[in-house]
Every structure is written in C-alpha cells, then in structure tokens.
Amino acid sequence: MLELPNPFGGEAGVIRLHEPQDCDQEAIVDRILSGLYDKPFVIEDDGARCLYFTRAFIQSEMRLADPLALEFAYTRKMMAFLLFLPEPREILMLGLGGGSLAKYCHRHLPAARITVVEVDPHVIAFREQFLVPPDDARFRVREGEAAGYVAQCQERPDVVLIDAFDRDGVAPTLCTREFYQDLRALLPKKGLVVANLVGPKAERIAHLEMLRTVFDGNVILLPIADDGNYVAFAFRDPAFEPRWRWMEGEARAMRARFGLDFPRFAATLERSRKLGYLRREMHAPEVRTRRL
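Note that the structure is predicted; figures quoted are calculated from it, not measured. (Residues numbered from 1 in each chain as written. Predicted model: local features only at pLDDT ≥ 70, side-chain atom pairs only at ≥ 80, totals over all residues. Heavy atoms only, no water.)

**A closer look at the sheet that holds strand 9 (residues 159-162)**
Phase 1 of the analysis: An order of 8-7-6-9-10-12-11 is seen for the seven strands of this open sheet, with the pairing classed as mixed. A single partner strand is all that each edge strand has here, and the edge strands are strand 8 (139-143) and strand 11 (219-224). Taking the axes of each pair of neighbouring strands and ignoring which way they run, one obtains an average angle of 15 degrees across the sheet.
Phase 2 of the analysis: Across the sheet, helix 6 (residues 177-186) touches strand 6 (90-94), strand 9 and strand 10 (192-197), and the angle it forms with strand 9 is around 150 degrees. (Pairing = 2+ DSSP bridges. Helix = DSSP H or I, 4+ residues; strand = E, 2+ residues; numbered from the N terminus. Axes fitted to C-alpha atoms, helices over the stretch in contact; angles between N-to-C directions. Contact = heavy atoms within 4.5 Å.)

Here it is, written out as structure tokens:
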C-alpha cells in the first residue's frame, strides 16, 4: 500500500492507495486531483479514516477513537430493521464500503451469520484499514456482483441490506425489477429488504416504484435529513403490519442494548406509515429533504 501526504490543498493527514511503491507518484497524484483516478482511496486526518471513490463524496468514515460507531445517519436508521426483526439469524449485505454496517452487526448480533458481497476487489483490499473482521464461521466477505449473487444464492437471509454504490452511482444491474424479484424470492415470510437510496429524484423514484410493485406496496420510507439519503424498508409478507405499541416499549430496551435511538426510529417509522410518506414522496416535486 502506498501512503503519501494528503494532496488536497489546505488539508493535513495522509492518503493511502493500492499502488506499488515504485509507481509514478506524481502522475498518480495528478489523476487524483483531476478526478480521473479510478480506484478507491483512503484519507486519514484529524482522527478519522475515510473511504472515497471520488473526492466529491465520502463513501465511509471511521473514527479511530470509536471504530465500531455508525458515523452516518442513514446507517443508523438502516439498523431500525431490528424493530421488525429483533433476532435475525442470517443477514446478507450488498456492498461493503468501509464496513460500518458489517462491523456493527458483527459486534452486536453475535447469533447472526453475515455475508457481505462486494464487487470491487480494491474496496475489499481496504478491509484491514477499516478493521473489518476476518472471515470465519459466521462472517464472510465475498467478491462478486450483487445481482448475480442474489440470482444464484442458496441461503435464505432474514434481512438484506443494500448499500451498494460505485463512483458512478448504483450499478445498472441493481436497477431492474428482476433484481428485486430475485431478492423477494430469497426471503422467508417474515423477511425484509432495507435499501439506502440516494441520487437524483428520478432514480430514487424508479427504485421506489420497483420496490413498491415487487413487494405489493408494503414499503416504509424514511428521509435522512442529515445525509440527504432515503432508507426504504420492504416487507416480504404483503399483510405484515408492525406492532407499533410493542415497538414503542421495546425500543427503549433496544436503545440501551445497541446504543442507537430506537425510540425515535420507531416514532418516525410509525409517522411515515400513517402519513403515507412513501406515496407523498413519489408524487412530490423535487424539494429539500423534509423531516418527519
């Protein structure tokens, strides 16, 4: 691994790249600064280690003082799936990034078997930088294209977490109804899909329409005001309705156990369902993210 001073003007720290020590370092730096560098890279500065595909967006962040923390609001809200499925036995994650969700689930859900699928070998090569656990009997990272993996998957995950992006956005193979149909077919009756949606409104709406159609309309949508993302929860059982009163009481115990604001998650999910936020968002003009 190549480590150089951070080349971005006015910034401290270092940049790390998967390049040989005898490479043309000046040319590499020029490509990074121009946005033409086509591999992920890591910048470490001020106690944080961040993964980038391009300098425009942070893909993942890890604070060195608390490497298991979920730094981004959308990752914390994705974990709200535990309100619907408190004891998952099998978790499939599509997209590794810096491994924030993978590390969190590995630490806090010791009874779950976790499989992470990542298409980019250069992302996987940074796993030690982000303290992603080594593969063992209950945790594994697999290199592969997500849609192809799902189409041939033999396991029956209780929950599928989708957070799969590259420098150009969502892979085209994940933007099809067939992909979501294959996902639904994987799930047991009580299973669900949790998807991080980001990007232009037209792309978000296209994904939401596929989710809504494939999952018979049983989808709850949360806006993430802090990050500009949306998180969608799609349920395999079209008749499933959350036990809101039970969730309200259980959320307090979950906050103590997991260190996340589950009472707020539960309240926001209930408001989204009852206010029909999914329907409103699909028909609303492009505006700044609204809080629920």
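**What about helix 6?**
Since the α-helix advances by 3.6 residues per turn, residues separated by three or four positions end up pointing in the same direction.
Phase 1 of the analysis: Among the residues of helix 6, F179, Y180, L183, R184 and L186 are the ones counted as buried. Buried residues of helix 6, seen end-on, are gathered within an arc of 155 degrees and therefore sit on one face of the element. Of the exposed residues in helix 6, the ones pointing more than 90 degrees away from its buried face are E178 and A185.
Phase 2 of the analysis: Looking at the buried positions of helix 6, the neighbouring elements they touch are strand 6, helix 5 (146-152), strand 9, strand 10 and helix 7 (201-214). (Buried < 20%, exposed > 50% of the residue type's maximum accessible area, 1.4 Å probe, protein only. Arc of directions from axis to C-beta.)

**Focus on empty space enclosed by the protein**
If you roll a probe as big as a water molecule over the atoms, it shows you where there is empty space left.
Phase 1 of the analysis: By the definition in use, this model includes four cavities of 30 Å³ or more.
Phase 2 of the analysis: Roughly 80 Å³ of internal volume is contained in the largest cavity.
Phase 3 of the analysis: In terms of lining residues, the largest cavity is bounded by I162, A164, F165, V170, L174, Y180, A195, N196, L197 and H207.
Phase 4 of the analysis: The leading source of residues in the lining of the largest cavity is strand 10, at three residues.
Phase 5 of the analysis: Class assignment for the residues of the lining of the largest cavity results in eight nonpolar, two polar and no charged. (1 Å grid on protein atoms, 1.4 Å probe; cavity = no way out; pocket = protein on both sides within 12 Å on 5 of 7 lines; lining within 4 Å. Points joined across faces, edges and corners; volume = space filled by probe spheres on them. Nonpolar A, V, L, I, M, F, W, Y, C, P; charged D, E, K, R; others polar.)

**Description of the confidence of the model for the protein chain**
Phase 1 of the analysis: On average, residues of the protein chain carry a pLDDT of 92, and 96% of them reach 70 or more.
Phase 2 of the analysis: Within the model, pLDDT remains below 50 along residues 287-291, and this stretch shows 13 contacts once partners closer than five positions in the same chain are excluded. (pLDDT = per-residue confidence, 0-100.)

**What to know about the sheet that holds strand 5 (residues 57-63)**
Phase 1 of the analysis: Taking strand neighbours across the sheet as the criterion, the five strands line up as 1-2-3-4-5 in an open arrangement whose pairing is antiparallel. At either margin of the open sheet sits one strand with a lone partner, and together these are strand 1 (2-5) and strand 5. Strand-to-strand twist in this sheet, taken as the mean axis angle between neighbours without regard to direction, amounts to 25 degrees.
Phase 2 of the analysis: As judged from the five bridges shared by strand 3 (residues 41-45) and strand 4 (residues 48-54), these two strands associate in the antiparallel manner. Bridge pairing in strand 4 places V42 opposite L51.

**Side note on the environment of N196**
Phase 1 of the analysis: Positionally, N196 belongs in strand 10.
Phase 2 of the analysis: Along the sequence, N196 and E155 sit 41 residues apart, while their C-alpha atoms lie 22 Å from each other.
Phase 3 of the analysis: Once residues within four sequence positions are removed from consideration, N196 is found in contact with Y74, M78, I162, D163, F165, N229 and Y230.
Phase 4 of the analysis: Among the polar contacts listed, one links the side chain of N196 to the side chain of D163, at a separation of 2.9 Å. (Polar contact = N/O pair within 3.5 Å; in protein donor to acceptor, adjacent residues only side chain to side chain.)

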